[in-house]
Amino acid sequence: MVIRNTYELRKAVDKAVDNVQVTDIHTHLFTTDFGDLLLWGVDELVTYHYLIAETMRWVDISYDEYWAMSKQEQADLIWDTLFIKNSPYSEACRGVLTVLEKLGLDIASRDLNAFREYFKNMTVEQYIDKVLEVAGVKNLVMTNDPFEDSERKTWLGNYKGDERFKAALRIDPLLNAWDINYKRLKEWGYDVYQELTESTLKEIRRFLNDWIDRMNPVYMAASLPPAFVVPEDSARSRIVEECIIPVSRERNVPFAMMIGVKKLTNPYLRVAGDSVGKSDISTVEYLCAKYPKNKFLVTMLARENQHELCVAARKFRNLLVFGCWWFLNNPSLIEEMTRMRFELLGPSVIPQHSDARVLDQLIYKWSHSRKIIADVLFDKYSDILATGWIIKEDEIIRDVEKIFGGNFWSFLERQF
Ligand code: RAT
Ligand code: ZN
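Remember, it's a predicted structure, so these values are computed and weren't measured experimentally.

Draft legend 1. A look at the pairing of strand β5 (residues 220–224). By the criterion of burial, β5 is predominantly enclosed, with five of the five residues buried. Going residue by residue along β5, you find Met220, Ala222 and Leu224 tucked away on one face and Ala221 and Ser223 tucked away on the opposite face as well. Bridge count between strand β4 (residues 169–170) and β5: two bridges; the pairing is parallel. Looking at the pairing, Leu169 lines up with Met220 of β5. Here β5 runs beside strand β6 (residues 255–259); their pairing, made up of five bridges, is parallel. Within β6, the position partnered with Ser223 by the bridge is Met258.

Draft legend 2. Representation of the pattern of salt bridges within the structure. Counting across every chain of the model gives 27 salt bridges. The partner of Arg94 in a salt bridge is Glu91, with the nearest N and O atoms 2.9 Å apart. Taken together, the positions of Arg94 and Glu91, both in helix α6 (residues 91–102) and three residues apart, correspond to about one turn of that helix. We classify Glu91 as buried; its relative accessible area is 12%. A salt bridge links Glu163 to Lys166; its shortest N-O distance comes to 3.1 Å. Taken together, the shared-partner salt bridges in this structure form one network comprising Arg10, Asp14, Lys371 and Asp375.

Draft legend 3. A look at the environment of Arg357. Here Arg357 is to be found in the loop between α16 (331–345) and α17 (361–385). Put simply, Arg357 and Thr143 are 214 residues apart on the chain and 9.9 Å apart in space, counted from C-alpha to C-alpha. Excluding residues that lie within four positions of it along the chain, Arg357 makes contacts with His28, Leu29, Leu39, Tyr48, His49 and Val271. Only 3.3 Å separates the side chain of Arg357 from the side chain of His49, close enough to count as a polar contact.

Definitions and cut-offs
All residue numbers refer to position in the chain's written sequence, counted from 1. Each chain takes a letter, starting from A, and each ligand takes a number, starting from 1, following the order in which they are written. Only residues with pLDDT of 70 or above have their local features reported here, since the model is predicted, and side-chain atom pairs are shown and tallied only from 80 upward, although totals for entire chains, interfaces and linings are computed over all residues. For the side-chain quantities, the full set of heavy atoms in the structure was used; hydrogens and water were omitted. In this scheme, a residue with accessible area under 20% of its type's maximum is buried, one over 50% is exposed, and one in between is partly exposed, where area comes from a 1.4 Å probe on protein chains only. The way it works is that DSSP assigns letters per residue, a run of H or I at least four long becomes a helix, a run of E at least two long becomes a strand, and they are numbered from the N terminus. When DSSP finds two or more bridges between two strands, those strands count as paired. Throughout this description, the term salt bridge denotes a Lys or Arg side-chain nitrogen within 4 Å of a carboxyl oxygen of Asp or Glu. In this description, contact between two residues means that some pair of their heavy atoms is separated by no more than 4.5 Å. We call two N or O atoms a polar contact when they sit within 3.5 Å, provided that within protein one can donate a hydrogen and the other can accept it, with sequence-adjacent residues counted only if both atoms are side-chain atoms.

As structure tokens, then:
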């Protein structure tokens, strides 16, 4: 169908974006094989670390007292602080309301215990089906760290998998603390030393290959500090160039770099204590230029890095920009970044991932992002419609399929 005016355009864009089944390329969710590692339900939702950080701004209890509480006590404190004593319009608070509303619960009751009741008779299997359906997510990528003992035992034991959940091999410990973690590789039977000799590098490649065989990951990923620089004289830089790059190319497993995290700026906040810093885009440019046959997925945490990251993607087809990560996952910034990306890169980006740590969050993260992406798309199509360009509804559906996941799958298939 040919779109004739902005009224039809608005309807077609909203329909395409509402109906698209998403591939969520970065989450912290797990299959049921991993037991308690898959977080779900209202107490997990309310104790999301984004909300812990917001709560501690209001309350005067010590961090230790907070961490000593049971999960339910923590949730009660957060609910009372952020939802009852203050209005819950921060993005993370609003997200909880969106989830409860989309599950059909009576938000107006403000009754956390009533919300808890809803989950009492639900099995996790039923709830996965329900959430994926409500969120419109067809498949998602986990974060799988072989250095996490709780997770490792499942990979080495009876991992069965679920077609909807893809693995991603997370390698932060290898890149960010080699001086400590080489000992773990040694324990696991790899003949490595702290000094990066040829034979140690070979063993690191063997470690990566073994885990690629075991997990069948769609990419290898690391969260990296603002000071992430390649090339430089450091263990991290050498492991990137001499291990990650060759294995990534040989196995066709892209390297996902998530750059700009200042770890534990406030260590007392634990998982909620990380912050953001500006990073050097030259590292991304260097890697894309020096290794044109390698594939790189990149997201950066600082708002200040977003423009140069788009420009880098214009220069390098082996660079796929994705997501509005963590502190950028707020409506004002998602809108700004999505506009800039569409203007510089057209549909050749992945505007969003959820980063869901709690299954339920898929519902709000995708509902909120869909709305903003649809608004920006409508503006962009309106501009070309005004020139006399003919837009067909099928073409809108085609573009929407790409940005909500198709680009990811076709990037994996490309051969440079
Ligand atoms: O967004 C988050 O939940 C962060 O804590 C991190 O998990 C971050 O997304 C990461 O993958 O390191
Ligand atoms: Zn994450």
